[in-house]
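Take a look at the letters that make up each chain.
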Amino acid sequence: MTEPTARVIHGMDVIEVQPRDHVLLFGSGPTGTILAQMSRHSGAARLAVADPRQFKLELARKLRADDVVLVN
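If you're wondering where the values come from, they're calculated on a predicted model, not measured in any experiment.

In this structure, glutamate 16 is a non-glycine residue whose phi angle is positive, near 50°. In this structure, arginine 20 takes a positive phi of about 75° despite not being glycine. Its place among the elements puts arginine 20 in the loop between α1 (2-15) and β1 (22-26). Assessed through its relative accessible area of 69%, arginine 20 is described here as exposed.

Right under this line is the structure:
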């Protein structure tokens, strides 16, 4: 998990999630899952996750995603 976490840390530096931001993530693999958690921890007011796999969306929901979207 070191490599996905390093990517997320870099991504958080680039996108600069601020308190009250609304965040939409496409993909909930390892990197997307960590990014969702870090976005929420950074104060994102609303978090939506889109993915083509239902089981990954269920995990995103458990990790406090406000909305999940099944995409094809």
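For strand β2 (residues 46-51), the tally of buried residues reaches five of six residues, placing the bulk of the element in the interior. Here five bridges tie β1 to β2, and the two strands are oriented parallel to one another. Its bridge partner being in β2, valine 23 is matched across the sheet by leucine 47. Each parallel crossover has a hand, and for β1 linked through helix α2 (residues 30-41) to β2 it is right-handed.

With that out of the way, let us pick up the nonpolar core. By size, the foremost hydrophobic cluster in this structure holds 14 residues, and its most contacted members are Val23, Leu25, Leu47 and Val49. Looking at this core, the elements with two or more residues in it are α1, β1, α2, β2 and α3 (54-62). In terms of residues, this core owes the most to one element, α2, which gives three residues. Dropping the residues within four chain positions of it, valine 49 is found in contact with Leu25, Gly27, Ser28, Leu57, Ala60, Ala65, Asp67, Val68 and Val69.

Where α1 meets α2, the axes come as close as 9 Å, and the angle between the chain directions of the two elements is 45°. Judged by the angle between their axes, α1 and α2 are oblique. For the crossing formed where α1 meets α2, the hand is right-handed. For the pair α1 and α2, the contacting residues are Pro4, Thr5, Arg7, Val8, Met12 and Ile15 in the first and Pro30, Thr31, Ile34, Leu35, Met38 and Ser39 in the second.

All right, on to the pattern of salt bridges then. Summed over all chains, the structure comprises four salt bridges. A salt bridge links arginine 46 to aspartate 67, with the nearest nitrogen and oxygen atoms 3.1 Å apart. Here the residue arginine 46 occupies a position in strand β2, and aspartate 67 occupies one in strand β3 (residues 67-70), the gap between them amounting to 21 residues. Note on aspartate 67: relative accessible area 29%, which makes it partly exposed. Among the salt bridges present, the one from aspartate 51 reaches arginine 53, with a minimum N-O distance of 3.2 Å. With relative accessibility at 37%, the residue arginine 53 sits in the partly exposed group.

The rules we used
- Residues numbered from 1 in each chain as written.
- Predicted model: local features only at pLDDT ≥ 70, side-chain atom pairs only at ≥ 80, totals over all residues.
- Heavy atoms only, no water.
- Helix = DSSP H or I, 4+ residues; strand = E, 2+ residues; numbered from the N terminus.
- Buried < 20%, exposed > 50% of the residue type's maximum accessible area, 1.4 Å probe, protein only.
- Pairing = 2+ DSSP bridges.
- Right-handed = clockwise from strand over helix to strand, strands pointing away.
- Core = buried A, V, L, I, M, F, W, Y, C linked by side-chain atoms within 4.5 Å.
- Contact = heavy atoms within 4.5 Å.
- Axes fitted to C-alpha atoms, helices over the stretch in contact; angles between N-to-C directions.
- Parallel < 35°, antiparallel > 145°, perpendicular 65-115°, else oblique.
- Left-handed = near helix turned anticlockwise from the far one by under 90°.
- Salt bridge = Lys/Arg side-chain N within 4 Å of Asp/Glu carboxyl O.

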